[in-house]
Amino acid sequence: MRFDLKQFIRLLAACFLLTLCATSMLAQTHVVSQSDIHKELVNAAQTRRENQQKVKGLFSSNETRKAMEAAQINPERVDAAVSALSDEELARLASRADKLDRDFAAGRISDRDLLIILVGIAALILIIVAVR
């Protein structure tokens, strides 16, 4: 075996560069900390829960339940379908629920109109879930 100085220097330089790159990669900090990620996940879960409560709250009155049953829509199935909606769909329906509550409280919508709208929303929820 012959000792080749050039080859030894190349090998030594390659090892040095690999070590330098590896330590540099290990020393990098994450752009987003784990506590920030955790906070965002908790906030997203809380927002989803609030949106679900808003949408399910639309269908909680006895009049609404009776109207859905008259339209042959199972209220329990609607409640289950609300849980299956995506975050975006749920947020959209929750904002509509807020608007309906405000309009009803302001007297812009009658009881009959509100029930018709709620039955329509329940049917829409079931269709969205069935299509997926």
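This report concerns the structure included in the present document.

Procedures and definitions
Residues numbered from 1 in each chain as written. Predicted model: local features only at pLDDT ≥ 70, side-chain atom pairs only at ≥ 80, totals over all residues. Heavy atoms only, no water. Helix = DSSP H or I, 4+ residues; strand = E, 2+ residues; numbered from the N terminus. Contact = heavy atoms within 4.5 Å. Buried < 20%, exposed > 50% of the residue type's maximum accessible area, 1.4 Å probe, protein only. Salt bridge = Lys/Arg side-chain N within 4 Å of Asp/Glu carboxyl O.

Thoughts on the side chain of Q52
Here's step 1: With respect to the element layout, Q52 can be found in helix α2 (residues 34-58).
Here's step 2: Contacts of Q52, omitting those with residues within four sequence positions, involve V82, S83 and L90.

Side note on the environment of T47
Here's step 1: Mapped onto the elements, T47 comes out in helix α2.
Here's step 2: Take T47: its relative accessible area is 41%, and that puts it in the partly exposed class.
Here's step 3: Separated by 83 residues in sequence, T47 and A130 place their C-alpha atoms 24 Å apart.

Quick look at the pattern of salt bridges
Here's step 1: All chains considered together, the criterion is met by 4 salt bridges.
Here's step 2: Of the charged contacts in the structure, one is a salt bridge between R48 and D87, with a shortest N-O distance of 2.7 Å. A residue pair is termed long-range when its members are at least 10 positions apart, and R48 in helix α2 and D87 in helix α5 (residues 87-105) qualify at 39 residues.
Here's step 3: Looking at D87, the relative accessible area reads 44%, which means it is partly exposed.
Here's step 4: For K54, the salt bridge identified is with D98, shortest N-O distance 3.2 Å. Note that K54 is positioned in helix α2 and D98 in helix α5, a separation of 44 residues in sequence.
Here's step 5: Since its relative accessible area comes to 36%, K54 is described here as partly exposed.

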